[in-house]
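One letter stands for each residue in the lines below.
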Amino acid sequence: MFRTPDRLYRVLAIAEAITWTLLIGAIIARALGAPGIVVTIGGGIHGFVFLAYGATALLVAVNQRWHIGVAILAVASAVVPYATIPMEIWLHRTGRLAGAWRLEATDDPRDRRWYDRLMRWFLRRPVVLVLLLAVAIVALYVILLIAGPPGGK
């Protein structure tokens with residue numbers, strides 16, 4: 001399903017936008033009298049997908065050799081509701097999502113960087129990569145839950 005970086009990025013960009021809808025709907029429902037738990041559930045789902053999108057954006061940024069500014073913009077697009085969709089469209093139209101996963105080193109001097117070698121190692125072992133990302137996202141999610149909601153209680 002995610003044989004190319006653009007497919008993985010697109011799925012997470014759309015999922016992030018969908019969870020914005022879930023969260024906004026929950027906030028509206030609470031304002032109309034629904035119990036506060038709807039925001040807790042919607043916010044929890046959105047928060048998890050937000051972190052997964054951020055991790056995906058960083059992985060794709062390294063694989064596609066984006067400039068640091070493009071990578072920051074891709075991650076930051078998740079902060080604005082629905083901004084991941086136009087971000088994905090822009091990245092696609094400008095060719096920044098074109099190409100395959102970089103599983104092998106090339107003559108490009110950038111392929112000699114330690115993090116490129118590490119990324120290729122993980123990309124050749126997708127199960128290990130997915131497990132590592134899942135553990136990291138869950139750990140960060142739990143830490144953020146312990147820290148409390150944005151803006152305090």
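(A) Just the overall build of the protein chain, in detail. Secondary structure summary: the protein chain contains 6 helices and 0 strands in total. For the protein chain, the α and β elements follow one another from N to C terminus as α-α-α-α-α-α. Seen through its principal axes, the protein chain has C-alpha atoms that stretch 60 × 30 × 30 Å. Of all 153 residues assigned to the protein chain, the portion counted as buried reaches 35%. If you sum the accessible surface of the protein chain, you get close to 9,300 Å²; carbon and sulfur atoms cover 73% of it. Across the protein chain, 16 positive and 8 negative side-chain charges occur, with their mean positions spaced 5 Å apart.

(B) Just the layout of surface pockets, in detail. The volume enclosed by the largest pocket comes to roughly 690 Å³. Lining the largest pocket are 21 residues; nearest its centre among them are G43, G44, G47, P149 and P150. Listed by contribution, the elements that provide at least two residues to the lining of the largest pocket are α1 (5-31), α2 (37-64) and α6 (126-147). Partitioned by chemical class, the residues of the lining of the largest pocket number 14 nonpolar, 6 polar and 1 charged.

(C) A look at a nonpolar patch on the surface. On the surface, a cluster of nonpolar side chains totalling about 350 Å² of accessible area is made up of L22, I37, I41 and I45. We classify I45 as partly exposed; its relative accessible area is 39%.

(D) Local environment of the packing of aromatic side chains. Across all of its chains, the model carries 5 aromatic pairs by this definition. For the pair Y9 and Y53, a centre-to-centre distance of 5.6 Å together with 55° between the ring planes defines the contact as tilted. Placement of Y9 in helix α1 and of Y53 in helix α2 is noted, with a sequence separation of 44 residues between them. Comparing Y9 with Y53, the two get one shared label, buried. A centroid spacing of 5.7 Å and a plane angle of 85° characterise the contact between F48 and Y141, whose relative ring orientation is edge-to-face. Note that F48 is positioned in helix α2 and Y141 in helix α6, a separation of 93 residues in sequence.

Conventions used here
- Residues numbered from 1 in each chain as written.
- Predicted model: local features only at pLDDT ≥ 70, side-chain atom pairs only at ≥ 80, totals over all residues.
- Heavy atoms only, no water.
- Helix = DSSP H or I, 4+ residues; strand = E, 2+ residues; numbered from the N terminus.
- Buried < 20%, exposed > 50% of the residue type's maximum accessible area, 1.4 Å probe, protein only.
- Areas by Shrake-Rupley, 256 points an atom, 1.4 Å probe, with all protein chains shown as cover.
- Lys, Arg positive; Asp, Glu negative; His and termini not counted.
- Charge placed at Lys NZ, Arg CZ, Asp CG, Glu CD.
- 1 Å grid on protein atoms, 1.4 Å probe; cavity = no way out; pocket = protein on both sides within 12 Å on 5 of 7 lines; lining within 4 Å.
- Points joined across faces, edges and corners; volume = space filled by probe spheres on them.
- Nonpolar A, V, L, I, M, F, W, Y, C, P; charged D, E, K, R; others polar.
- Patch = residues over 30% accessible without salt bridge, like charges linked within 9 Å, V, L, I, M, F, W, Y side chains within 5 Å.
- Salt bridge = Lys/Arg side-chain N within 4 Å of Asp/Glu carboxyl O.
- Phe/Tyr/Trp six-rings, centres within 6.5 Å; stacked < 30°, edge-to-face > 60°.

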